[in-house]
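Coordinates in review
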Amino acid sequence: MNAIETRSLRKVYPAPAVKKRRGVPAPPAPPSSGIVAIDSLDLAVNDGEFFGVLGPNGAGKTTLIGILTTRVRITAGEAMVAGANVATEPAAVRRRIGVVPQRPNPDRSLSVIENLVFHATYFGIARADAARRGKELLERLGIAEKMNAKVDQLSGGQQQRLMIARALTHDPRVVFLDEPTVGLDPQARLSLWEILRELHGQGRTIVMSTHYMEEADQLCDRLAIIDQGKLLALDTPTALKAKAPGDTLVEVTFDGDASIAADAARAMEGVSNAEARGPLLRVFSRRGGEIIPALIDAGEAHGRIVRDIHLSRPSLETLFISLTGRKLT
Amino acid sequence: MTAEPLAPVAPSRVFTAILLRDLTVARRELPYFLVRTALQPILFVIVFGFLLPKMGMIPRGYSTTMLPGVVALSLTLSAIQSVALPMMQDFGFTKEIEDRLLSPVPIHLVAVEKVAAGVLQGIVAALFVLPVARLIMGPIPGLSFRNLPLLLAVTALGGAAFSAMGLYLGTGIAPQQIGLMFSVIVAPMIMFGCTYYPWAGLDHVPVMKWLVLINPLVYVSEGMRAALTPGLPHMPIAALLAALVVLTVIFMWLGLKAFDKRAMS
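From a predicted model like this one, the values you see are computed outputs, not experimental measurements. (Residues numbered from 1 in each chain as written. Chains lettered and ligands numbered in written order. Predicted model: local features only at pLDDT ≥ 70, side-chain atom pairs only at ≥ 80, totals over all residues.)

Re the overall build of chain B
Let me state the cut-off plainly: Think of it this way: any DSSP run of H or I at least four residues long counts as a helix, any run of E at least two long counts as a strand, and we number them from the N terminus. Between the two quantities, the radius of gyration covers C-alpha atoms and the globule rule is 2.2 Å times the number of residues to the power 0.38. Neighbour density around each residue's C-beta defines its exposure: 20 or more other C-beta atoms within 10 Å make it buried, 12 or fewer make it exposed, and counts between make it partly exposed, where C-beta atoms are placed from the backbone. Placing C-beta atoms from the backbone, we regard two residues as in contact once those atoms come within 7 Å.
Along the backbone of chain B there are 10 helices and zero strands. Reading chain B from its N terminus to its C terminus gives the helix and strand order α-α-α-α-α-α-α-α-α-α. Here the C-alpha atoms of chain B give a radius of gyration of 20 Å, agreeing with the 18 Å that 2.2 N^0.38 yields for 265 residues. Referenced to the eigenvectors of the C-alpha coordinate spread, the extents of chain B come out at roughly 75 × 35 × 35 Å. Taken over 265 residues, chain B has a buried fraction of 46%. For chain B, the share of sequence-separated contacts (at least 6 apart) that also reach a separation of at least 24 residues comes to 86%.

Let's talk about the overall build of chain A
Of regular secondary structure, chain A possesses 11 helices and 14 strands. Overall, the C-alpha framework of chain A stretches about 75 × 45 × 40 Å when taken along its three principal axes. Every one of the 329 residues in chain A was classed for burial, and the buried ones make up 46%. At a minimum sequence separation of 6, the contacts of chain A that also span at least 24 residues come to 69%.

Structural notes on the sheet that holds strand β5 (residues 84-85) of chain A
Spelled out, the test is: Any two strands are treated as partners once DSSP identifies two or more bridges connecting them.
Read from one edge of the open sheet, four strands run β2-β1-β4-β5 (chain A), paired in antiparallel fashion. Strands at the two margins of the open sheet, each flanked by one partner only, are β2 (35-46) and β5 of chain A.

Structural notes on the environment of Arg60 of chain B
By secondary structure assignment, the location of Arg60 of chain B is in the loop between α2 (30-55) and α3 (62-91). In this structure, the C-alpha to C-alpha distance between Arg60 of chain B and Leu256 of chain B, residues 196 residues apart in sequence, is 45 Å.

With respect to the environment of Ala133 of chain B
Residues and elements named next belong to chain B. Within the secondary structure, Ala133 sits in helix α5 (residues 107-137). Residues Ala133 and Val70, 63 residues apart in the sequence, show an inter-C-alpha distance of 8.2 Å. In contact with Ala133, not counting residues within four places along its chain, are Val45, Gly49, Leu67 and Val70.

A look at unusual backbone geometry
All names here are of chain A. Located in the positive-phi region is Ser8, a residue other than glycine, with phi close to 45°. When the 11 C-beta atoms within 10 Å are taken as the criterion, Ser8 is described as exposed. The backbone phi angle of Gln228 is positive, close to 50°, even though this residue is not glycine. Structurally, Gln228 can be placed in the loop between β9 (222-227) and β10 (230-235). Residue Gln228 is classed as partly exposed on the basis of its C-beta count, with 16 C-beta atoms lying within 10 Å.

Side note on the nonpolar core
Let me state the cut-off plainly: Only buried Ala, Val, Leu, Ile, Met, Phe, Trp, Tyr and Cys residues enter a nonpolar core, and they are joined through C-beta atoms within 7 Å. Each domain span listed reflects an automatic or database assignment of domains.
Val81, Phe176 and Leu281 of chain A together with Val71 of chain B are the most contacted members of the largest nonpolar core, which totals 164 residues. At 15 residues, α3 of chain B tops the list of elements feeding residues into this core. Taken together, domain 1 (2-236) and domain 2 (245-313) of chain A each give at least three residues to this core, which thus spans both. Contacts of Val71 of chain B, omitting those with residues within four sequence positions, involve Ala126, Val129, Leu130, Met224 and Leu228 of chain B.

Thoughts on the packing of α5 of chain B against helix α6 (residues 148-172) of chain B
Residue and element names in this part refer to chain B. To keep things clear, this is the line we draw: To get an axis, fit a line to the C-alpha atoms, keeping to the stretch in contact for a helix; angles then go from 0 to 180 degrees between the N-to-C directions. Just so you know how the angles are binned, under 35 degrees is roughly parallel, over 145 roughly antiparallel, 65 to 115 roughly perpendicular, and the rest oblique. Throughout, a crossing is termed right-handed when the near helix is turned clockwise from the far one, and left-handed when it is turned anticlockwise from it by less than a right angle. Here the nonpolar group is Ala, Val, Leu, Ile, Met, Phe, Trp, Tyr, Cys and Pro; Asp, Glu, Lys and Arg are the charged ones; every other residue, Gly included, is treated as polar.
At a minimum axis separation of 8 Å, α5 and α6 run at an interaxial angle of 125°. Regarding the angle of α5 to α6, the classification is oblique. The handedness of the crossing between α5 and α6 is right-handed. Facing α5, whose interface residues are Ala111, Lys114, Val115, Gly118, Val119, Gly122, Ile123 and Ala126, α6 presents Thr155, Ala156, Gly159, Ala160, Phe162, Ser163, Ala164, Gly166 and Leu167. Looking at the contact of α5 with α6 residue by residue, the classes come out as 10 nonpolar, six polar and one charged.

Points about α6 of chain B
In plain terms, the rule: Helix span, as expected, comes to 1.5 Å for every residue beyond the first.
With 25 residues, α6 of chain B extends 35 Å from end C-alpha to end C-alpha; this agrees with the ideal 36 Å at 1.5 Å per step. The element α6 of chain B is extensively covered by neighbouring structure, given that 18 of its 25 residues are classed as buried.

What to know about the interface of chain A and chain B
Facing 26 residues of chain A, the contacting portion of chain B comprises 26 residues. Secondary structure elements with two or more residues in the side of chain A that touches chain B: α2 (90-96) and α3 (112-121) of chain A. The dominant element in the side of chain A that touches chain B, judged by the number of residues it contributes, is α2 of chain A, at five residues. Of the residues contributing to the side of chain A that touches chain B, the split by class is eight nonpolar, eight polar and 10 charged.

A short note on the sheet that holds strand β12 (residues 271-277) of chain A
Residue and element names in this part refer to chain A. One open sheet accounts for four strands, arranged β12-β13-β11-β14; its pairing is antiparallel. Bordering the open sheet on either side are β12 and β14 (306-312), each of which pairs with just one other strand. Going across the sheet, the axis of each strand differs from the next one's by a mean of 15°, ignoring polarity. Bridge count between strand β11 (residues 248-254) and β14: six bridges; the pairing is antiparallel. Bridge pairing in β14 places Phe254 opposite Val306.

Notes on helix α5 (residues 156-168) of chain A
The end-to-end C-alpha distance of α5 of chain A is 19 Å, a good match for the 18 Å that 13 residues give at a rise of 1.5 Å each. Within α5 of chain A, 11 of the 13 residues are buried, which leaves it mostly tucked inside the rest of the structure. All buried positions along α5 of chain A are accounted for by Gly157, Gln159, Gln160, Arg161, Leu162, Met163, Ile164, Ala165, Arg166, Ala167 and Leu168 of chain A. Of the surrounding secondary structure, the elements contacted by the buried residues of α5 of chain A are β6 (97-100), α3, α4 (127-140), β7 (174-178) and α6 (186-201) of chain A together with α4 (98-101) of chain B.

Here we look at the packing of α5 of chain B against helix α10 (residues 237-263) of chain B
Residues and elements named next belong to chain B. The contact between α5 and α10 brings their axes to 10 Å, and the two run at 125°. When the axes of α5 and α10 are compared, the pair comes out oblique. The element α5 and its partner α10 pack so that their crossing is right-handed. Residues Ile107, His108 and Ala111 of α5 form the contact with α10, whose participating residues are Gly255, Leu256, Phe259 and Ala263. Taken together, the residues of the contact of α5 with α10 sort by class into five nonpolar, two polar and no charged.

Re the domain arrangement of chain A
Splitting chain A by domain gives domain 1 (2-236) and domain 2 (245-313). On a C-alpha basis, the centres of domain 1 of chain A and domain 2 of chain A stand 39 Å from each other.

Digging into the pairing of strand β1 (residues 2-13) of chain A
Residues and elements named next belong to chain A. Bridge analysis of β1 against β2 gives eight bridges, and the strand direction is antiparallel. Note on β2: the bridge partner recorded for Thr6 is Leu43. Sheet analysis places β1 next to strand β4 (residues 76-81), joined by five bridges and oriented antiparallel. Paired with Ile4 across the strands is Val81, a residue of β4.

Here's what the structure looks like:
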């Protein structure tokens, strides 16, 4: 059975009065159209899978998780989670899922353990059971010593763990995590990875959004790469990396428009693709860094001076750039 | 992992659990709650029920007119604040209500629970102010608790109407405008709510007598008057009860609509 299935999923938010993206001026949209956050998305997540949703900020990751966790209304299409329809049976979906939000939102009027106990009672669990289970979870997540503390006394990493504990109090089948490691220090991030691996080991389905390549690569069984609400690629991290084009990505920054150098680069041997974005020249090279002298010459032939050179090995990052023309982070 | 579908949880059970959460939090904050909601009515009692009569600037019998109004005021002020303030907070930056919105029940139940908690907190405030006011003002001629069913009906309906109004204001108004809400909506409501004078007294100003009918507080004040001091003139009971039912329905409808807008994007 599929833990999650979406069919032609679409979400359009009403257009706000003024919204500008940095660098890119917003296209003048007619007032009737809104902002398309999710566009005809078809996804299937297997039971017990660790599924990653990878995309830059604003790709639609949070909207997708919002829809799947019944917190965002669907504009069109259908989504099933743990066998229930998110639009018509939201309470049944909520019964079966646990949600770890992007920003910890504990109940600040309650202590750490009360957060877990009350949350469990919202799911019909008896208080005594809830207290026992809450203690267990806090121990497993390594914050048992903060049991009676106020939520405000927890660090960011500890609050994130509390959110994970809360999401697990009612033993959900599918656990959603929306960019859980944003804002965590490297150590807290690594220990969170351990926790997530353990959850996955218990056979739970995990859906995690992230814009960190490494995280997606390390943890996920399969990855969906989305941008501007569209599914661009879906496969295992290994298979996706194999799809990364033209081996090495060479980025050369000139002191002016790079488009002239791009034409020259495309004609070079061993170059699979080249494009200019302002002063930035992006070249996918089968010969690695060997083509750099030629690229410098191509720029200098038109009076451009090189300001910066950067090489990236084939990775999810280079795949993403080749798919979208944008960087992830 | 269990493969069979999990049994649904009874909504009544979830409702009780969420209500218990609110009451636990309310109990801890009781002193602040009483200061926040009862201080203003008590200050009015001190000035108009004790000082001014002592100075002879107000006839002694005035306390009989004022007491039901003060009880109505504490009930409604606390009911409205008990819902509006947490709603503004919960839907604001902290998004703390999220854990309840993820509980396995229709989200409207979460809103209805808040209103129920608001009614209970309104009753607590009214029960607190009544003896305090009596203590400050001394014996109140004509005060009677014999009409208990009416007293309960007015308390429950008044609390519900104002909790529902709190739901609407708390979810429909931007947090930045909370100050505005109190000065533009709540303050005039108190002044023109027949709290410090009976509705019948407005016979002298007929325009006002009809204008104040748009003020929900009028019906609670007059209801309290009918229940606590039946000897004094008051609005017909059937009319004020009907008005409170209608107001509860209207505010609940508006409140749920605004709640939906905030809860689901």
